[in-house]
Amino acid sequence: MSNEQLPVLVAGAGPVGCFIAYRLGKAGIPVHLFEKEAALPYSPRAVGYYGATQIMFQECGLYDLVRSEGFVTAGLCWRGPPIDDGQGGKRLGDMIAAQPLCDPSDPVKDCPSGLLNLRQSELTKLILHEALKTGKVTIQFNSEVASIEEGENSIKISFENQELAPVSGCYLVGADGGKSKTRKLIGTPCLGHTWPERLVSTDVILGNYVDPVFHTCYIIGTENFTIMTPLTEPIVGEKSLWRCTVAVPPEDQRSDEELVQNAVIQGFYEQVISGPRPLQAEISARAVYRIHQRIVPTMRKSRCVLAGDAAHLNNPYGAMGLNTGLLDGDALAEALVMILNEGRSDELLTIYSDSRVQVFKNFVDPTTTANKLRLHLPSETAAQDDYYLRSLNNATQETLESRARPYFETWRTDMRALAKETGL
Ligand SMILES: Cc1cc2nc3c(=O)[nH]c(=O)nc-3n(C[C@H](O)[C@H](O)[C@H](O)COP(=O)(O)OP(=O)(O)OC[C@H]3O[C@@H](n4cnc5c(N)ncnc54)[C@H](O)[C@@H]3O)c2cc1C
């Protein structure tokens, strides 16, 4: 069988694995997707997509679908903790700074403006559905990739469940998340550090009492610094689903199991959620996470290529992990299309790896590190002391544009331009 006829194997049906399968399937390339769980898993994680990702969705035919399932908000802001409202309740903490991602009064907020919101679990379902519709993609659940064996022109994977037959493909994409087995199998370390805090992330139904303009909000000035972000469109006077992600300092020795008890979560909510008391908060999902700044030295070893959290991890402040993974997926899919459909050199996979490693090291890693450290500042002095918050508060249109530029110009990898530059 010739190399071109073998499918691309993808380990992990998370958002990145499904997205790569979709892109390849649309280009007529057969893909076998393998997921260790029995169904697509739910976890309270990503929700917001920036301009570069929106443009990428638009180019590959997904923007309208994501937009119709999701909603757009105007940007992000930083606030102090909620303040007593004098009537037994709490009002929103004072605004420290805001980062508009579009004109908040623009009713349309068309691509690529604002923050496009759709829960990662819903996005994954949507993309998988579109991938399967190409007729080129198959998915096999309950299939945990356990080993790989490289041939001259192919790669074979076997599964934890040895009753499952091994499968051969032309390339293996490791999109199997932060604890990636694929990464371990190819012997690549994931270098960097783990932050001392844990995060308690919850989905919670809350009443909307005011329009805060910038809905996604960091709450600083508390050791339980928090990010609040809407999961469904928040309408004043109605209830809607929010994500509340609270940091737990290293001194807090409670176990993960204790941290997700209702009473503990309600204790966090009392500090960081505004609104009348007693607080009406219905928790619908919860999880504890460790957070990291880590990356592999290379995302490519021979016929195996990594993408998304399998290759790099960053703390979630600034909502960059999945955006980066999807932009990896876009570049990797384009490289594979050039190799498999156009007969170009598979050195393009090394070019892909080099580019994405540099994007992470030079942009995603320092940006998310700064985002996280900023949340440790006292709320009273943050706006004066922190250059970034100060510059947002004194921003001209030019300042805002220059702040936004790397999010559009640095984050994405143009594989076709790199192929031309390198003569591949
Ligand atoms: C609290 C929190 C909030 C976040 N918010 C944002 C945000 O707003 N925006 C953003 O961009 N990012 C955010 N992130 C980061 C984002 O969630 C991750 O970057 C994203 O999940 C990465 O997707 P992935 O497909 O690479 O990996 P995953 O989502 O981890 O998917 C990996 C898949 O592989 C499967 N798998 C694992 N091992 C195997 C195996 N051996 N064989 C087969 N299958 C396997 C898993 O079951 C899973 O389905 C957040 C993260 C956290 C913790």
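Scroll up for the structure.
Since the model is a prediction, treat every value here as computed from it, not as a measurement.

**Q** Is there a simple way to explain the pairing of strand S5 (residues 75–79) in this structure?
**A** Regular strands show a simple pattern: their side chains alternate between the two faces of the sheet. For S5, a buried count of five out of five residues is recorded, marking the element as mostly surrounded by other parts of the structure. The side-chain alternation of S5 yields two buried faces, one formed by Gly 75, Cys 77 and Arg 79 and the other by Leu 76 and Trp 78. Bridge count between S5 and strand S16 (residues 216–219): four bridges; the pairing is parallel. Across the sheet, Cys 77 pairs through a bridge with Cys 217, a residue of S16.

**Q** I would appreciate a short explanation of helix H9 (residues 348–374) in the present structure.
**A** The end-to-end C-alpha distance of H9 is 38 Å, a good match for the 39 Å that 27 residues give at a rise of 1.5 Å each. For H9, the principal kink sits at Phe 360 and spans about 40 degrees.

**Q** Explanation requested: the site of the ligand in the structure shown.
**A** Lining the immediate environment of the ligand, one finds 32 residues, of which Glu 35, Gln 120, Asp 309, Leu 322 and Asn 323 sit closest. At 2.6 Å from an oxygen atom of the ligand is found a side-chain nitrogen or oxygen belonging to Glu 35. A distance of 2.8 Å is found between an oxygen atom of the ligand and a backbone nitrogen or oxygen belonging to Asn 323. Summarising the interface, the protein chains cover 91% of the accessible area of the ligand, which totals 1,000 Å² for the free molecule. Among the secondary structure elements, those contributing two or more residues to the shell around the ligand are helix H1 (15–26) and helix H8 (321–342). Top element by residues in the shell around the ligand is H8. It accounts for three residues. The class makeup of the residues in the shell around the ligand is 14 nonpolar, ten polar and eight charged.

**Q** What should I look at first to understand the pattern of salt bridges in this one?
**A** Side chains bearing opposite charge may pair, as long as their charged atoms lie close to each other. Going through the model one piece at a time under the given rule, you end up with 21 salt bridges. With a closest N to O distance of 2.7 Å, Glu 334 and Arg 23 form a salt bridge. Of the two residues, Glu 334 is situated in helix H8 and Arg 23 in helix H1; the sequence distance between them amounts to 311 residues. Residues Glu 334 and Arg 23 agree in their burial class; the two are buried. The partner of Arg 344 in a salt bridge is Glu 342, and the shortest N-O contact between them spans 3.1 Å. Under the relative-accessibility criterion, Arg 344 is labelled partly exposed at 27%. On the basis of relative accessibility, which here comes to 36%, the residue Glu 342 falls in the partly exposed class. Taken together, the salt bridges that share partners define one network made up of Arg 23, Glu 59, Asp 330, Glu 334, Glu 342, Arg 344, Arg 412 and Arg 416.

Reading guide: rules and limits
- Residues numbered from 1 in each chain as written.
- Predicted model: local features only at pLDDT ≥ 70, side-chain atom pairs only at ≥ 80, totals over all residues.
- Heavy atoms only, no water.
- Buried < 20%, exposed > 50% of the residue type's maximum accessible area, 1.4 Å probe, protein only.
- Helix = DSSP H or I, 4+ residues; strand = E, 2+ residues; numbered from the N terminus.
- Pairing = 2+ DSSP bridges.
- Expected span 1.5 Å × (residues − 1).
- Bend = angle between axes of the 7 residues up to and from the residue.
- Near = heavy atom within 4 Å.
- Polar contact = N/O pair within 3.5 Å; in protein donor to acceptor, adjacent residues only side chain to side chain.
- Areas by Shrake-Rupley, 256 points an atom, 1.4 Å probe, with all protein chains shown as cover.
- Nonpolar A, V, L, I, M, F, W, Y, C, P; charged D, E, K, R; others polar.
- Salt bridge = Lys/Arg side-chain N within 4 Å of Asp/Glu carboxyl O.

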